[in-house]
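So you can see what is in the structure, the chains are spelled out below.
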Amino acid sequence: MLPAMTKVRPVRKAVLPVAGLGTRFLPVTKAIPKEMLPLVDVPVVQVIVEECLASGIEEIIFVTSRGKEPILDYFDRAADLEALLERKQKWSELEIVRHVSEIARISSVRQPEAKGLGHAVLCARAAVGDEPFAVLLGDDILEGRRPALRQLLDVYERSAEGVVGLYQVPAGQEHMYGIVKGDLVDERVYKLNQLVEKPDPGKAPSRLAVIGRYVLPPEIFGILASTPPGRGGEIQLTDALSTLCGTQGLMGVEIEGQRFDAGDRASYVLAVLSFALRRADIGAAVRAGIEKMLSEA
Ligand code: UTP
């Protein structure tokens, strides 16, 4: 059992790396950042920012690159649009537009070259400073009763160690993920012993994969700075997490909720459908349309 709450440094900041090239989603990502792909009419990145806020995060730090301006524009004020909506008395639209620009304290740092997720996180070092922080990847959309990041923070607050989000992947898919080996210490909570990046088929120590939610101590920056480029010549966050696991220790929490991989075409479509079905305004129409399509297929 984990102890009750210990006194830990609060996690106030979240780093959202959005500097990747999004090659798995070409051709649309030639001109549109994959983080701006919509779940009906809300971009994936807004869903992630809202998860942060619902988990108690106060400040969002985007790690961006060339071509990712639409993300920052999206969260900025749109004075002309607001004036137009006001003139036309489109009050509900005005409220939606204002909500987005007032949603959170947002800043950004630049990753000059796509040198890997670990390098992207390292680019946020000065903006984060000497405090624990969260990292969220837009590729993983998690839908559930409790925000996924909050589930990690609960474990961090009791263990005072870094925490990674885990998800049980179907047998046979382990070689596509970073897989962990650990001891179950509480319901869904593991003390990790080892991380294996993309294990060979049949060699995985479990089916628990690391997914895009992390709570990390600031010491990870020093580890990343001395982590040599790994697979693909990129600085891998997983390599730094392995080091952290062997030095300060690392926890894992099997996240409760439904996971969609927004980097995978079929899973992205399912995420859109799931969001649509839960919407009060269009849910019933979408359900009826799907049933009709299936009956005619
Ligand atoms: P991915 O490898 O899934 O994203 O990185 P990608 O590179 O954009 O996509 P593909 O593989 O080419 O389709 C996971 C996350 O890390 C960020 C990405 O933006 C994504 O959110 N990332 C990755 C960076 O910010 N910088 C990098 O150098 C690499």
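None of the values given here were measured: they were computed from a predicted structure.

Take the side chain of serine 101 next. Mapped onto the elements of the fold, serine 101 is located in helix α4 (residues 91-102). Looking at serine 101, the relative accessible area reads 14%, which means it is buried. Side-chain polar atoms of serine 101 contact the backbone oxygen of arginine 98, separated by 3.0 Å. Beyond its immediate chain neighbours, meaning those up to four positions away, serine 101 contacts Phe75, Asp76, Arg77 and Glu82.

What follows deals with the pattern of salt bridges. The tally for this structure, following the rule as stated, stands at 23 salt bridges. Close ionic contact of lysine 292 with glutamate 296 constitutes a salt bridge, the shortest N to O distance being 3.2 Å. Here glutamate 296 and lysine 292 lie together in helix α11 (residues 283-296), a separation of 4 residues that amounts to about one turn. Here glutamate 296 falls in the exposed class, since its relative accessible area comes to 57%.

All right, on to the pairing of strand β6 (residues 133-136) then. Of the two faces of β6, the one lined by Phe133 and Val135 and the one lined by Ala134 and Leu136 are each fully buried. Of the strand pairs in this sheet, strand β1 (residues 13-17) and β6 are connected by 3 bridges, and their pairing is parallel. Looking at the pairing, valine 15 lines up with valine 135 of β6.

Another point: the site of the ligand. The environment of the ligand is formed by 18 residues, the closest being Thr23, Arg24, Gln111, Gly116 and Asp139. Between an oxygen atom of the ligand and a main-chain N or O atom of lysine 115, the distance comes to 3.2 Å. Contact distances for the ligand include 2.7 Å between an oxygen atom and a side-chain N or O atom of aspartate 139. The pocket occupied by the ligand, as judged from atoms lying within 2 Å of grid points, is the largest pocket. Its residues assigned to classes, the shell around the ligand comprises 8 nonpolar, 5 polar and 5 charged.

The next subject is helix α9 (residues 237-247). For α9, the full list of buried residues reads Leu237, Thr238, Ala240, Leu241, Leu244 and Cys245. Taken down its axis, α9 places every buried residue within 155° of arc, on the same side. Turned more than 90 degrees away from the buried face of α9, the exposed residues are Gly246 and Thr247. Against α5 (117-123), β8 (162-168), β10 (189-197), β11 (208-216), α8 (219-225) and β12 (250-254) lie the buried residues of α9. Backbone geometry just downstream of α9 places glycine 249 in the positive-phi region, at approximately 100°.

The subject of this paragraph is the packing of helix α3 (residues 79-87) against α4. Here α3 crosses α4 at 160°, and the two axes come no closer than 8 Å. One way to sum up the angle between α3 and α4 is to call them roughly antiparallel. Considering how the two elements wind past one another, α3 and α4 form a crossing that is left-handed. Between α3, through Leu81, Glu82, Leu85 and Glu86, and α4, the contact on the second element is made entirely by Trp91, Glu93, Leu94, Val97, Arg98 and Ser101. Split into classes, the residues belonging to the contact of α3 with α4 amount to 5 nonpolar, 1 polar and 4 charged.

Our next topic: the nonpolar core. Core analysis: the largest hydrophobic core is formed by 47 residues, its most contacted members being Leu16, Ile60 and Phe62. Counting 33 residues, the second largest nonpolar core, distinct from the first, contains Ala120, Val121, Val210 and Leu241.

Let us look at the packing of aromatic side chains. For any pair of aromatic rings, the description rests on two quantities: the centre-to-centre distance and the angle between the ring planes. Considering all chains together, one arrives at 4 aromatic pairs under this definition. Relative to phenylalanine 75, the ring of tyrosine 74 lies with its centre 5.2 Å away and its plane at 85°, an arrangement referred to as edge-to-face. Residue placement shows arginine 265 over the ring face of phenylalanine 25; its charged tip is 5.6 Å from the ring centre. For arginine 278, the ring lying beneath its charged end belongs to phenylalanine 275, and the centroid distance is 4.9 Å.

Calculation notes
- Residues numbered from 1 in each chain as written.
- Predicted model: local features only at pLDDT ≥ 70, side-chain atom pairs only at ≥ 80, totals over all residues.
- Heavy atoms only, no water.
- Helix = DSSP H or I, 4+ residues; strand = E, 2+ residues; numbered from the N terminus.
- Buried < 20%, exposed > 50% of the residue type's maximum accessible area, 1.4 Å probe, protein only.
- Polar contact = N/O pair within 3.5 Å; in protein donor to acceptor, adjacent residues only side chain to side chain.
- Contact = heavy atoms within 4.5 Å.
- Salt bridge = Lys/Arg side-chain N within 4 Å of Asp/Glu carboxyl O.
- Pairing = 2+ DSSP bridges.
- Near = heavy atom within 4 Å.
- 1 Å grid on protein atoms, 1.4 Å probe; cavity = no way out; pocket = protein on both sides within 12 Å on 5 of 7 lines; lining within 4 Å.
- Sits in = over half its atoms within 2 Å of the grid points.
- Nonpolar A, V, L, I, M, F, W, Y, C, P; charged D, E, K, R; others polar.
- Arc of directions from axis to C-beta.
- Axes fitted to C-alpha atoms, helices over the stretch in contact; angles between N-to-C directions.
- Parallel < 35°, antiparallel > 145°, perpendicular 65-115°, else oblique.
- Left-handed = near helix turned anticlockwise from the far one by under 90°.
- Core = buried A, V, L, I, M, F, W, Y, C linked by side-chain atoms within 4.5 Å.
- Phe/Tyr/Trp six-rings, centres within 6.5 Å; stacked < 30°, edge-to-face > 60°.
- Lys NZ or Arg CZ within 6 Å of the ring centre and 35° of its normal.

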